[in-house]
Amino acid sequence: MELSPFSYEFHENPYPTYKWLRDHAPVYRNDELDFYALSRYRDVFDATVDHETYSSAKGTVLEIDPKMVEMFPIILFMDPPRHTRLRKLVSHAFTPRRIAALEPIIRALAQDYLDRIVERGSCDFVRDFGALLPIEVISTLVGVPTGDRTTVRELTDAALHREPDRPEFPESALAANSELVRYFFDLIADRRTHPRDDMTSLLLEAEVENEQGVKERLTDFEVVAFCNLLSAAGNETVTKLLGNAVVLLSRHPEQRRKLVAQPGRIPDAVEEILRYWPPAQYSARTLMRDVSLHGVTMPRDARVLLLTGSACRDEREFAEPDVFDSDRRNDIQLAFGYGLHRCLGASLARLESRVSLEELHARIPEYEVDESGLERVHMSNVHGFASAPMRW
Ligand code: HEM
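Definitions and limits used
Residues numbered from 1 in each chain as written. Predicted model: local features only at pLDDT ≥ 70, side-chain atom pairs only at ≥ 80, totals over all residues. Heavy atoms only, no water. Helix = DSSP H or I, 4+ residues; strand = E, 2+ residues; numbered from the N terminus. Buried < 20%, exposed > 50% of the residue type's maximum accessible area, 1.4 Å probe, protein only. Polar contact = N/O pair within 3.5 Å; in protein donor to acceptor, adjacent residues only side chain to side chain. Contact = heavy atoms within 4.5 Å. Pairing = 2+ DSSP bridges. Phe/Tyr/Trp six-rings, centres within 6.5 Å; stacked < 30°, edge-to-face > 60°.

**A word on the side chain of arginine 22**
Right, on to step 1. The topology assignment puts arginine 22 in helix H2 (residues 15-24).
Right, on to step 2. Given a relative accessible area of 2%, arginine 22 falls into the buried group.
Right, on to step 3. A polar side-chain atom of arginine 22 sits 3.2 Å from the main-chain carbonyl oxygen of arginine 313.
Right, on to step 4. Once residues within four sequence positions are removed from consideration, arginine 22 is found in contact with Ser39, Arg40, Ser310, Arg313, Asp314, Glu315 and Arg316.

**A look at the sheet that holds strand S1 (residues 27-30)**
Right, on to step 1. Strand order in this open sheet of 5 strands is S1-S2-S10-S7-S3, and the pairing throughout is mixed. One side of each edge strand has no neighbouring strand; the edge strands of this open sheet are S1 and strand S3 (54-55).
Right, on to step 2. Looking at chain direction, strand S7 (residues 283-287) and strand S10 (residues 303-306) are connected through 4 bridges and run antiparallel. Pairing of arginine 285 across the sheet is with valine 304, part of S10.

**Digging into the packing of aromatic side chains**
The relation between two aromatic rings is expressed through the spacing of the ring centres and the mutual angle of the planes.
Right, on to step 1. If you walk through the whole model with that rule in mind, you get 13 aromatic pairs.
Right, on to step 2. On the basis of an interplanar angle of 10 degrees and a centroid distance of 6.3 Å, the ring pair of tyrosine 41 and phenylalanine 45 is categorised as stacked. Placement of the pair is tyrosine 41 and phenylalanine 45 together in helix H3 (residues 41-49), with a separation of 4 residues, close to one helical turn.
Right, on to step 3. Judged by its relative accessible area of 4%, tyrosine 41 falls in the buried class.
Right, on to step 4. Pairing tryptophan 277 with phenylalanine 385 gives two aromatic rings, centres 5.9 Å apart and planes at 70 degrees, and the pair type is edge-to-face. Of this pair, tryptophan 277 sits in the loop between helix H15 (266-276) and S7 while phenylalanine 385 sits in strand S13 (residues 385-387); the two residues are 108 residues apart in sequence, bridging distant segments of the chain. This pair shows no difference in class: tryptophan 277 is buried, exactly as phenylalanine 385 is.
Right, on to step 5. Members of the aromatic cluster, each reached through a chain of ring pairs, are Tyr41, Phe45, Phe318 and Tyr338.

**Some words on H15**
Right, on to step 1. Burial analysis of H15 places 9 of its 11 residues in the buried class, the great majority of the element.
Right, on to step 2. For H15, the complete set of buried residues consists of Ile266, Ala269, Val270, Glu271, Glu272, Ile273, Leu274, Arg275 and Tyr276.

**So, the sheet that holds strand S4 (residues 122-124)**
Paired through backbone hydrogen bonds, the strands of a sheet run either parallel or antiparallel to each other.
Right, on to step 1. Taken in spatial order, the 3 strands of this open sheet run S4-S14-S11, and their pairing is antiparallel. Both edges of this open sheet fall to S4 and strand S11 (368-369), since each of them pairs with a single strand only.
Right, on to step 2. Sheet topology note: the S4/strand S14 (residues 389-391) ladder contains 3 bridges and is antiparallel. Bridge pairing links serine 122 to arginine 391 in S14.

**Things to note about the environment of serine 372**
Right, on to step 1. With respect to the helices and strands, the residue serine 372 is situated in the loop between S11 and strand S12 (375-376).
Right, on to step 2. The spacing of serine 372 and proline 170 is 202 residues in sequence and 28 Å in space, taken between C-alpha atoms.
Right, on to step 3. A distance of 2.6 Å separates polar atoms of two side chains, one belonging to serine 372 and the other to aspartate 370.

**Description of the environment of aspartate 327**
Right, on to step 1. Relative to the assigned elements, aspartate 327 resides in the loop between helix H16 (308-311) and helix H17 (346-363).
Right, on to step 2. Linking aspartate 327 and arginine 42, residues 285 residues apart in sequence, is a C-alpha distance of 23 Å.
Right, on to step 3. Look past the residues within four positions of aspartate 327 in its chain and what remains in contact with it is Lys258 and Arg265.
Right, on to step 4. A polar atom in the side chain of aspartate 327 sits 2.6 Å from the side chain of lysine 258.

Quick look at the structure:
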């Protein structure tokens, strides 16, 4: 059995591969692509919280080259103390108060998109809703003007796209990324002269103490990299979560009806959707020392994939892991990562998905996804649908 994160066939259904890995190769080695992979829940969890051994500083997707990491000073690709400094600073922009204040905006957006489709009797849920809402929300937070949001979304999609079986960034992805960087440099140049009540202005102004106790600001490049990361992280993953939600709730109409009758159950259902099909299927790390596990020694500097998608289906941790059960209690949510790099946008993602499902079910309580029309995205570690035709 082979694990290839770039195989389109693998994207269709990675779960049989994961099961094989957990049972037969819990420390899997891929010589061709030069990586190890951990697939059991306990191993993925332990590695995720041990940032001293499992470093993020050389990038967290397999295809990234360390030179590119230097060009993109993003928080996701940092270890302490650099990570601590940046995380402290950007956390100011993600306070519970700031996130909660977005609820009326998210609800109004959801209502507007649904009002446009409700009389039609059918739609493509991803194209007509799931892809639209998250970019609007994150753009509101970051300060991307309305007229630029579709472009930013299309560039982010293109920057994450990967060709079949090619473990590298396609030219089109690199070009899209350069364009995003240029776009955000222009945006911050504007915010330096015309600050507004948005995250970009806040990040340009914010000061944080370095290790010497000296207050310093983020560099322009750090702000650009953060805005760029947010438009990808805040957009792609939530779109996948929303698409996954309607596909799973269409497959399980009895569970959907329960949620329609008792919307208070939606947050638990969202946690189960995240466990069942995590939008971010793995995070890569680089070893800072030799690690021996299950009889295999992984050497220092080795690349290790922490397979979240597999961990969330580990029968050693979950009862009947392949059963989708919206009543299941998921106390620890590995789909958002854990420890130092736990997702900064988790509460926003939860808010967007709760409000979206509340509004969808209020208008369209009965629906069916036409699974023959499902199309997947092909990204390195983000799995989900590009298209989900649905009727009611
Ligand atoms: C369903 C939606 C989402 C999922 C599944 C998700 C998943 C994740 C995961 C797994 C990580 C940790 C990666 C690692 O350990 O290497 C992470 C980190 C991060 N996420 Fe999310 N995310 C989601 C939504 C969002 C949103 C809406 C935002 C922004 C508003 C966001 C911003 C971030 C940032 C900035 C980090 C880096 C944190 C750090 O390195 O300290 N994410 N996310």
